[in-house]
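Examining the three-dimensional arrangement
Each chain, written out:
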Amino acid sequence: MSKIAIIGATGRAGSQLLEEALRRGHSVTAIARNTAKIGERAGVVSKQLDVLDSEALIAAVADHDVVISAAHFATVPADKIIAPVKAAGVKRLLVVGGAGSLLLPDNSRVIDSDGFPEEYLAEATAGALFLDVLRNEQDLDWTFLSPSAEFVETERTGEFRVGKDHLLFDNTGRSWISFADYAIAMIDEVETPQFSRTRFTVGY
């Protein structure tokens, strides 16, 4: 079993990653600005800190097998995650990505399409930049997992498809994945790495 540090462990994605990791018997360090909602749980060590405090983050993730970042891109730049993880001596970084940098059938980016929601533009742009930074990273064994266009709070089914750089659509033309099923794909990657130093995506 792995020792996993999850940055942003109380968010919608991070909390499902926490549940999935615990379900499989991993030990988890849950990192968040406010860890009160996590409570006392077997297999979990909570670390309450500001992720922008590099020294605190280095101390929190040291001695882990892998770090998963579910931090918001618009408020936490790539270097504020990558540099502390490297300084702590952790070799693997998995990142909860966004759909904006995925490609449409014509190979244009989702974020560049007409009608892309203005309210998601800052986060999506920062997410695409984070991916670009990772692609130039020489030391870390990284993986960037983009969800489908709709990231929703529905049930855990365990049934989904895996793609690479193109947005996935179901047979009705909808692009979507639940946080719970996304978490399955991420913890699968922790346990059995298949997408080292690259991005992949999941959807129904």
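Parameters and conventions
Residues numbered from 1 in each chain as written. Predicted model: local features only at pLDDT ≥ 70, side-chain atom pairs only at ≥ 80, totals over all residues. Heavy atoms only, no water. Helix = DSSP H or I, 4+ residues; strand = E, 2+ residues; numbered from the N terminus. Rg over C-alpha atoms; globule rule 2.2 N^0.38 Å. Buried < 20%, exposed > 50% of the residue type's maximum accessible area, 1.4 Å probe, protein only. Contact = heavy atoms within 4.5 Å. Areas by Shrake-Rupley, 256 points an atom, 1.4 Å probe, with all protein chains shown as cover. Lys, Arg positive; Asp, Glu negative; His and termini not counted. Charge placed at Lys NZ, Arg CZ, Asp CG, Glu CD. Pairing = 2+ DSSP bridges. 1 Å grid on protein atoms, 1.4 Å probe; cavity = no way out; pocket = protein on both sides within 12 Å on 5 of 7 lines; lining within 4 Å. Points joined across faces, edges and corners; volume = space filled by probe spheres on them. Nonpolar A, V, L, I, M, F, W, Y, C, P; charged D, E, K, R; others polar. Phe/Tyr/Trp six-rings, centres within 6.5 Å; stacked < 30°, edge-to-face > 60°. Lys NZ or Arg CZ within 6 Å of the ring centre and 35° of its normal. Axes fitted to C-alpha atoms, helices over the stretch in contact; angles between N-to-C directions. UniProt positions renumbered as here; feature names shortened; annotations may be inferred.

Time to look at the overall build of the protein chain. If you tally the helices and strands in the protein chain, you get 5 helices and 10 strands. Over its C-alpha atoms the protein chain spans a radius of gyration of 16 Å, differing by no more than 12% from the 17 Å that the globule rule assigns to 204 residues. The 204 residues of the protein chain split such that 50% are buried. Across the protein chain, the fraction of contacts at a sequence separation of at least 24, relative to all contacts at a separation of at least 6, is 71%. Put simply, the protein chain shows about 9700 Å² of open surface, and 49% of that area lies on carbon and sulfur atoms. Separation between the mean location of the 20 positive side-chain charges and that of the 29 negative ones in the protein chain comes to 4 Å.

On to the pairing of strand S1 (residues 3-7), then. Most of S1 sits inside the fold, with 4 of its 5 residues counted as buried. Pairing between S1 and strand S2 (residues 27-32): 5 bridges, direction parallel. In the strand pairing of S2, isoleucine 7 is matched with isoleucine 31. For S1 and strand S4 (residues 66-69), the ladder comprises 4 bridges, and the chain directions are parallel. Directly across from isoleucine 6, in S4, lies its bridge partner isoleucine 68.

Turning our eyes to something else, we now look at the layout of surface pockets. Of the voids in this model, the largest pocket is the one considered here, and its volume is about 1100 Å³. Surrounding the largest pocket, 41 residues form its lining, Arg12, His72, Gly97, Glu123 and Phe151 being those nearest its centre. Secondary structure elements with two or more residues in the lining of the largest pocket: helix H1 (12-23), S2 and helix H4 (121-135). Counted by class, the lining of the largest pocket contains 22 nonpolar, 13 polar and 6 charged residues.

Before going further, it helps to examine the environment of alanine 122. Within the secondary structure, alanine 122 is located in helix H4. Looking at alanine 122, the relative accessible area reads 53%, which means it is exposed. Separated by 48 residues in the primary sequence, alanine 122 and alanine 74 place their C-alpha atoms 6.2 Å from one another.

Our next topic: the packing of aromatic side chains. This model, assessed by the stated rule, comprises 6 aromatic pairs. Consider the rings of tryptophan 176 and tyrosine 204, whose centres lie 4.6 Å apart with planes at 70°: the pair is edge-to-face. One end of the pair, tryptophan 176, is in strand S9 (residues 176-178); the other, tyrosine 204, is in the segment after strand S10 (198-203), with 28 residues separating them in the sequence. The burial state of tryptophan 176 is the same as that of tyrosine 204; both residues are buried. Here a set of aromatic residues connected by ring pairs shows up, and it is made of Phe73, Phe130 and Phe144. One residue, arginine 174, lies across the ring of tryptophan 176, its end atom 3.8 Å from the ring centre.

What follows deals with the environment of leucine 121. Looking at where leucine 121 falls in the secondary structure, it is placed in helix H4. Beyond its immediate sequence surroundings of up to four residues, leucine 121 is in contact with Ile111 and Phe116.

With that settled, the discussion passes to the sheet that holds strand S3 (residues 44-48). Either a parallel or an antiparallel arrangement is found when strands of a sheet pair, and the pairing is made through backbone hydrogen bonds. Ordered in space as S3-S2-S1-S4-S5-S6-S10-S8, the 8 strands form an open sheet in which the pairing is mixed. Taken across any chain shown, the strands that pair with only one partner, and hence form the sheet edges, are S3 and strand S8 (161-163). Strand-to-strand twist of the sheet, defined as the mean angle between neighbouring strand axes without regard to direction, takes the value 20°. Across the face of the sheet, helix H3 (residues 78-87) comes into contact with S1, S4 and strand S5 (92-96) while running at roughly 160° to S5. Along the sheet, H4 makes contact with S5, strand S6 (141-146) and S10, crossing S6 at roughly 155°.

What follows is about the UniProt feature "domain: NAD(P)-binding" (unreviewed entry) in the protein chain. Under the UniProt annotation, the feature "domain: NAD(P)-binding" (unreviewed entry) is placed at residues 8-189. The span residues 8-189 shows a helical share of 31% and a strand share of 19%, and its end C-alpha atoms are spaced 18 Å apart.

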